[in-house]
Amino acid sequence: MLQDADRLDAIGAIGVARCFATCASMGGPLYAPEDPFCDGREPDDKAWGVDHFFRKLLRIPEHLSTPTGRAMAGERVAFLRAYLEQLRREVT
């Protein structure tokens, strides 16, 4: 299903690039300095780029329609989580 393909793009390396390109084009900051990873607050992806991971990207697998899409999503979500952990190490 085409919708699953677009959603899978959103949670892979293409999606990370797309997220930060959108954030930059809108002039938004990358993350909230006081709580970059939404540990103690609700994500606000209109204000902070990294919040988009928590508000939408990590939840995409719940909305996939096909068994193949759901199977592929596991690897991509693992990539997103690994990326966020590396980013955490670098900014905190």
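Residues numbered from 1 in each chain as written. Predicted model: local features only at pLDDT ≥ 70, side-chain atom pairs only at ≥ 80, totals over all residues. Heavy atoms only, no water.

Caption draft 1: Summary view of the pattern of salt bridges. Applying the stated criterion across every chain, the model contains 6 salt bridges. Here D39 and R88 are joined by a salt bridge, their closest N and O atoms 3.0 Å apart. Here the residue D39 occupies a position in the loop between helix 2 (13-25) and helix 3 (51-55), and R88 occupies one in helix 4 (residues 67-91), the gap between them amounting to 49 residues. One network of salt bridges, in which partners are shared, links D35, R41 and D51. (Salt bridge = Lys/Arg side-chain N within 4 Å of Asp/Glu carboxyl O. Helix = DSSP H or I, 4+ residues; strand = E, 2+ residues; numbered from the N terminus.)

Caption draft 2: Spotlight on unusual backbone geometry. At C38, a position not held by glycine, the phi torsion is positive, near 55°. Taking the relative accessible area as the measure of exposure, C38 reaches 12% and is therefore buried. (Buried < 20%, exposed > 50% of the residue type's maximum accessible area, 1.4 Å probe, protein only.)

Caption draft 3: Focus on the environment of A32. Here A32 lies in the loop between helix 2 and helix 3. When the C-alpha positions of A32 and T22 are compared, they lie 17 Å apart, and in sequence the two are 10 residues distant. With sequence-adjacent residues up to four places away left out, A32 is seen in contact with R41 and W48. (Contact = heavy atoms within 4.5 Å.)

Caption draft 4: Structural context of the nonpolar core. By size, the foremost hydrophobic cluster in this structure holds 18 residues, and its most contacted members are I11, F53, L57 and L80. Broken down by secondary-structure element, the contributors of at least two residues to this core are helix 1 (2-10), helix 2 and helix 4. Broken down by element, the residue count for this core peaks at 5 residues, all from helix 4. Excluding residues within four positions of it along the chain, L80 makes contact with I11, V16, F53, L57 and L58. (Core = buried A, V, L, I, M, F, W, Y, C linked by side-chain atoms within 4.5 Å.)

Caption draft 5: Structural detail: helix 4. End to end, helix 4 covers 36 Å across 25 residues, agreeing with the expected 36 Å (1.5 Å per residue, within 8%). A maximum bend of about 30° is found in helix 4 at A73. Turning to helix 4, its buried residues are G69, A73, V77, L80, L84 and L87. Along its buried surface, helix 4 packs onto helix 1, helix 2 and helix 3. (Expected span 1.5 Å × (residues − 1). Bend = angle between axes of the 7 residues up to and from the residue.)

Honestly, it's all geometry; don't read function into it.
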